[in-house]
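Structural overview
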Amino acid sequence: MRRVLTVGCRGALVARAHFRAFSSRSSLPDGFRSPQAVADAVAAALAAETDPEGAARRRKSQAPADPNHAARLERRRLDGDVIATQSITGQQLMHPKNTPDWQLIKPEHFERVPTPKGWEAALEQLQKRIGVQFQDVTLLKSAMTHHGCLPMNPVPEDVPVVRLSNRSLEFLGDSVLGAAAAAYVYQMLPRHQEGQLSRAKSAIVKNETLSTISKELGITDLLLCPPEFEVASAAPLIVKGRVTIAAGALESLIGAIYLDQGMEAAMNFVATQILPRSVEYATRDVIWEPIVELQNLLQGHYYGHPVYKYLPAPVKASKYTVELYVKGRPILKATAPSYKQARGRAAEAAYWHFEKLLGPVP
């Protein structure tokens, strides 16, 4: 009995010694804090809560904004090893060109980038084609430059290479395009729920659609890519990569327009050059399946199942007509080279003009 107790005490003493060693700050790995350090931090936070001056500062920071002053956001920037805080106004976000220290891309960044003959003249033609005249053509050059074409040591050296190519501009343009597409489907589909709106938005801004628009506008032909991208290949990965690059170039152009001329100009470009095309392509895309979407829409609003009536046509006819019925009432007719295509067109038209054709939701 005594032997068992002795072993137990020794084990407890050893465990206690290990616990003390683990609890000391010096024995912990970097980034970890001891229980005592955590307790000290909690005590300091509680003491700060009871500090009258600290409470006054918190009340001041939580006070409602003055309606006579423009709302301001805070932007934190890195100055050496110190994070400083700057105020950002809505006007700066709408027109970033008016803030000089935000402009990281300079003309000297492209002095060592090899460009084909006639590239700058082609960029001038692109501006006329899309109806946008850049004040700073360097932004347009950046939007048309793949990051693999930039030198390893850019000028100045403290600016990352990716910020000088279309990769960062693609991030900006994707956000602007997403906001425009979300606003569009929200206004055009007032009876749809969030999931349906998300699917419609995704169909509008997917890479395959944007890649097609990029080719139509002649953006893909002007994109500077590394030599290895010029090698033709039928591999699915390469094809997918080319689609992504073409779509990214279009989004980069949107980001460049935003930086050069502001949010309104970028939205105008999206509304006039992209949305009309992307909506048309999205509604014609077989992946979207308008027949299924129309059925879900009708059932969600208690209209029941749609009925498609195939109107008679002669053998080997060039056109076939399908009539769509909802609740026994004829809604519209659609004609196409086949019954299958006519049925899809009828469902597509009814989906996008749901309220106009069927009236208020019952």
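Residues numbered from 1 in each chain as written. Predicted model: local features only at pLDDT ≥ 70, side-chain atom pairs only at ≥ 80, totals over all residues. Heavy atoms only, no water.

As annotated in an unreviewed UniProt entry, the chain carries the name RNase III domain-containing protein and is attributed to Phytophthora rubi. Under the UniProt heading Sequence similarities (unreviewed entry), the note attached to the chain is "Belongs to the ribonuclease III family." (UniProt positions renumbered as here; feature names shortened; annotations may be inferred.)

1. So, unusual backbone geometry
What you tend to see is this: most non-glycine residues have negative phi, and most peptide bonds are trans. Notably, tyrosine 302 is not glycine yet its phi reads approximately 65 degrees, a positive angle. On the secondary structure map, tyrosine 302 appears in the loop between helix H13 (290–300) and strand E3 (307–310). According to the relative accessible area criterion, tyrosine 302 is exposed, its value standing at 67%. The residue lysine 327 is not glycine, and still its phi comes out positive at about 55 degrees. As for its position among the elements, lysine 327 is in the loop between strand E4 (320–326) and strand E5 (329–336). (Helix = DSSP H or I, 4+ residues; strand = E, 2+ residues; numbered from the N terminus. Buried < 20%, exposed > 50% of the residue type's maximum accessible area, 1.4 Å probe, protein only.)

2. As for the packing of H13 against helix H14 (residues 339–352)
Contact geometry of H13 with H14 gives a least axis separation of 8 Å together with a crossing angle of 45 degrees. Accordingly, the angle class assigned to the pair H13 and H14 is oblique. The hand of the H13/H14 crossing is left-handed. Where H13 abuts H14, its residues Pro290, Ile291, Glu293, Leu294 and Leu297 lie against Arg343, Gly344, Ala347, Glu348, Ala350 and Tyr351. When its residues are assigned to classes, the contact of H13 with H14 shows seven nonpolar, one polar and three charged. (Axes fitted to C-alpha atoms, helices over the stretch in contact; angles between N-to-C directions. Parallel < 35°, antiparallel > 145°, perpendicular 65-115°, else oblique. Left-handed = near helix turned anticlockwise from the far one by under 90°. Contact = heavy atoms within 4.5 Å. Nonpolar A, V, L, I, M, F, W, Y, C, P; charged D, E, K, R; others polar.)

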